[in-house]
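Here are the chains, one letter per residue:
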Amino acid sequence: MATVRFETPSKKNRCKLDCHVVLLNNINFSAALEKKSAKGNELFERVCDKLRIPSKEREYFGLQFTDRADGDFNWLDLYKEIRSQLPKPYNFQFAVRIFPTGDYSKLSFETQYQVRFQVKNHLLRGKFVCQVKEHADLDGVFAQAMLGDFQHSVHTKGYLEDLLGPFFAPPNGINSETEVNVSQYELSVANNHRSCRGMSVEKANLAYLELAQKLAFFGTVFHPGATDVTGKSVLLALDSQGVLIYECDETQKPGEVINRFPWQDIVSFVSRKRKFYILAYSVKRKEGGSFSFRFHGHYAHRGADRVCEDAIKWQSFCFKPEKLDCRSKSLVEVHITEHLMGNQEIGHHLQRFGAVGKKRPTTSFKKFKSLIRKKFPRSFKSGKLNTDTAPNSDGASSTANPNATFESSITPREG
């Protein structure tokens, strides 16, 4: 009778951490990390090496994974072990975390290529809502970048769907507010593709990104599901200028801006249970306070944690003061951070003064604010302000955005 032998994996293979990453062009990338204790940065660097993204431009990107509790996306913390952040299997999505601003021609071709696919992904998922003509213009340039010059013998009727596959889809109710005739739309895109004849892939990439920059809310990240202290539904948004608070309806569509917090005026972010707090202070206008927003649902605390982590990342990226005031550095890096984070690894949170958030700190938020109050100038301890204020990250040398408003509709409130 024949016997069947099962080969056990070697000790060397048992020690590896198998990770799988879906790239922005829908290609799968697999990596076997040498140590099971590998941190997120090791996997991230491997992916960027594979895509040949320059080191100085890798800060625009990140790795996402699906939170199995609520189905939303979390960003992989590059400074923590991968195993501590999610269970097996270790599946990730490579994505743009912060869209570059300014002149895209100064970026490498590899970065432009990845951002182009991210924009396309956002269009398909309805994260960008635009007019049909704008959508057709983008699709025409995208076809030129992917397929080259239009050829009558090859690019016949239906070629866009056949050759581009999932990267071509006419506008629908998700990403357009206008009904579209599919045949007319395909003809319009084909005409735009034909008009791009002679355009190289590099030029098509750049043209696509220049068109995308004109879209509403380009480069803005939204965090839905929150209310202000009055119970009014709001939409939290992050962009290169700061944190914006939008009015919204049941569909979470952004309306008017009711409050804005420039990065240079934000002292800190904190998430505690269901609430997300912004501590802001404008030196120029001599006012500020703590602003709280409550998330709702069974996993509301996860929503608060996500926006806190995202805001810390955005602030450290968008606001890099040239000079750090000694008193401000003492305030946060030495004093408060030790109380909030204890002996945990916090170096990556302190890329700059303002990035001192911690998910659900062990100490009470009231104690956190009292620690800030002890550092106030004497003139602000007298009770002239009705809000719990805190000094700005730049000290007296900083200039607040004159357009910034701490609206009275969002009243400071303790946690």
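Being a predicted model, the structure only gives us computed values, none of them experimental.

What counts and what doesn't
Residues numbered from 1 in each chain as written. Predicted model: local features only at pLDDT ≥ 70, side-chain atom pairs only at ≥ 80, totals over all residues. Heavy atoms only, no water. Pairing = 2+ DSSP bridges. Helix = DSSP H or I, 4+ residues; strand = E, 2+ residues; numbered from the N terminus. Axes fitted to C-alpha atoms, helices over the stretch in contact; angles between N-to-C directions. Contact = heavy atoms within 4.5 Å. Salt bridge = Lys/Arg side-chain N within 4 Å of Asp/Glu carboxyl O. Core = buried A, V, L, I, M, F, W, Y, C linked by side-chain atoms within 4.5 Å. Buried < 20%, exposed > 50% of the residue type's maximum accessible area, 1.4 Å probe, protein only. Expected span 1.5 Å × (residues − 1). Parallel < 35°, antiparallel > 145°, perpendicular 65-115°, else oblique. Left-handed = near helix turned anticlockwise from the far one by under 90°. pLDDT = per-residue confidence, 0-100.

*Asks:* How should I be thinking about the sheet that holds strand 10 (residues 266-272) in this particular structure?
*Replies:* For sheets, the rule is that strands pair by backbone hydrogen bonds, running either parallel or antiparallel. Pairing is antiparallel across the open sheet formed by seven strands, whose spatial order is 9-8-7-6-12-11-10. Only two strands of the sheet have a single partner each, and these edge strands are strand 9 (254-262) and strand 10. The sheet shows a mean angle of 30 degrees between the axes of neighbouring strands, taken without regard to direction. Relative to strand 9, strand 8 (residues 242-248) runs antiparallel, the two being bridged by six bridges. Looking at the pairing, Ile-245 lines up with Asn-259 of strand 9. Together, strand 6 (221-227), strand 7 (233-238), strand 10, strand 11 (275-282) and strand 12 (287-295) form the strand contacts of helix 8 (residues 300-318), whose direction differs from that of strand 10 by roughly 155 degrees.

*Asks:* What exactly am I supposed to notice about the sheet that holds strand 2 (residues 28-33) here?
*Replies:* Strand order in the open sheet formed by five strands is 2-1-5-3-4, and the pairing between neighbours is mixed. Single-partner strands in this sheet number two, and they are strand 2 and strand 4 (73-75). With direction set aside, neighbouring strand axes in the sheet form an average angle of 35 degrees. As paired strands, strand 1 (residues 17-22) and strand 2 are joined by six bridges and run antiparallel to one another. Following the sheet pairing, Asp-18 is matched in strand 2 by Ala-32.

*Asks:* Is there a simple way to think about the pattern of salt bridges in this case?
*Replies:* Any two side chains of opposite charge can pair, so long as their charged atoms come close to each other. Throughout the structure, instances matching the rule amount to 11 salt bridges. For Arg-306, the salt bridge identified is with Asp-72, shortest N-O distance 3.9 Å. Of this pair, Arg-306 sits in helix 8 while Asp-72 sits in the loop between strand 3 (61-66) and strand 4, and the two are 234 residues apart along the sequence. Lys-133 serves as the salt-bridge partner of Asp-137, at 3.1 Å between the closest nitrogen and oxygen. Highlighted residues: Asp-137 and Lys-133, both in helix 4 (residues 132-147), separated by four residues, approximately one helical turn. Where salt bridges share partners, they join Asp-67, Asp-70, Asp-72, Arg-302 and Arg-306 into one cluster.

*Asks:* Hey, could you run me through the nonpolar core in this one?
*Replies:* Soluble globular proteins tend to pack their nonpolar side chains together in the buried interior. Counting residues in each nonpolar core, the largest one holds 85 residues, and the members touching the most others are Leu-43, Phe-92, Phe-94, Val-119, Phe-269 and Phe-276. A per-element tally of this core places helix 8 first, with eight residues. Core analysis: the second largest hydrophobic core is formed by six residues, Val-267, Val-270, Tyr-277 and Leu-279 among them.

*Asks:* What's the story with unusual backbone geometry in this structure? I'm lost.
*Replies:* Only a minority of non-glycine residues have a phi that is not negative, and only a minority of peptide bonds are not trans. Note the cis peptide between Lys-88 and Pro-89, where omega equals -10 degrees. One non-glycine residue with positive phi stands out, namely Phe-217, at about 65 degrees. Tracing the chain through its elements places Phe-217 in the loop between helix 7 (201-212) and strand 6.

*Asks:* Where do I start with helix 3 (residues 109-125) in this structure?
*Replies:* Every α-helical turn comprises 3.6 residues, leaving residues that sit three or four positions apart pointing alike. Over its 17 residues, helix 3 extends 25 Å from the first C-alpha to the last, a length consistent with the 24 Å expected when each residue adds 1.5 Å. Those residues of helix 3 that fall on the buried side of the exposure criterion are Thr-111, Gln-112, Gln-114, Val-115, Arg-116, Phe-117, Gln-118, Val-119, Lys-120, His-122 and Leu-123. Contacts made by the buried residues of helix 3 are with helix 2 (40-51), strand 3, strand 5 (90-96), helix 4 and helix 7. Within two residues after helix 3, Gly-126 carries a phi angle of roughly 85 degrees, on the positive side.

*Asks:* What is the right way to read the packing of helix 3 against helix 7 from this model?
*Replies:* The description of two helices packed together rests on the angle between their axes and the distance between the axes. Where helix 3 contacts helix 7, the two axes come as close as 10 Å, and the packing angle between them is 45 degrees. If you check the angle between helix 3 and helix 7, you find them oblique. For the pair helix 3 and helix 7, the crossing hand works out as left-handed. Here helix 3 contributes Phe-109, Gln-112, Tyr-113, Val-115, Arg-116, Val-119, Lys-120 and Leu-123 to the contact with helix 7, which in turn contributes Val-201, Glu-202, Asn-205, Leu-206, Tyr-208, Leu-209 and Ala-212.

*Asks:* Before we go on, may I ask you to explain the confidence of the model for the protein chain in this structure?
*Replies:* Caution applies to low-pLDDT parts of the model: their predicted coordinates are not meant to be read in detail. Per-residue pLDDT for the protein chain averages 79, and the proportion of residues at 70 or more is 74%. Highest mean pLDDT in the protein chain belongs to strand 5 (97); lowest belongs to helix 9 (residues 326-341) (37). Ignoring residues within four places in sequence, the model shows residues 324-363, a span with pLDDT below 50, making 98 contacts including any to other chains. Contacts of residues 375-415 to residues separated by more than four positions or lying in other chains number 122 contacts, the stretch itself having pLDDT below 50.

*Asks:* Is there a simple way to explain the pairing of strand 5 in this structure?
*Replies:* The two faces of the sheet receive side chains in turn, since in a regular strand these alternate between them. Most of strand 5 sits out of view: five of its seven residues are buried. In terms of strand pairing, strand 3 meets strand 5 through four bridges, oriented antiparallel. Its bridge partner lying in strand 5, Gln-64 is registered against Gln-93.

*Asks:* Is there a simple way to think about the side chain of Arg-58 in this case?
*Replies:* With respect to the helices, strands and loops of the structure, Arg-58 is situated in the loop between helix 2 and strand 3. With a relative accessible area of 10%, Arg-58 lands in the buried category. Excluding residues within four positions of it along the chain, Arg-58 makes contact with Phe-44, Glu-45, Cys-48, Asp-49 and Ile-53.

*Asks:* Explanation requested: the pairing of strand 6 in the structure shown.
*Replies:* Sheet topology places strand 6 next to strand 7; five bridges connect them, and they run antiparallel. Looking across to strand 7, one finds that Thr-227 is bridged to Ser-233. What sits between the antiparallel neighbours strand 6 and strand 7 is a turn of five residues, in which Gly-231 has the positive phi angle 90 degrees. Pairing of strand 6 with strand 12 involves two bridges; the strand directions are antiparallel. Its bridge partner being in strand 12, Ala-226 is matched across the sheet by Phe-295.

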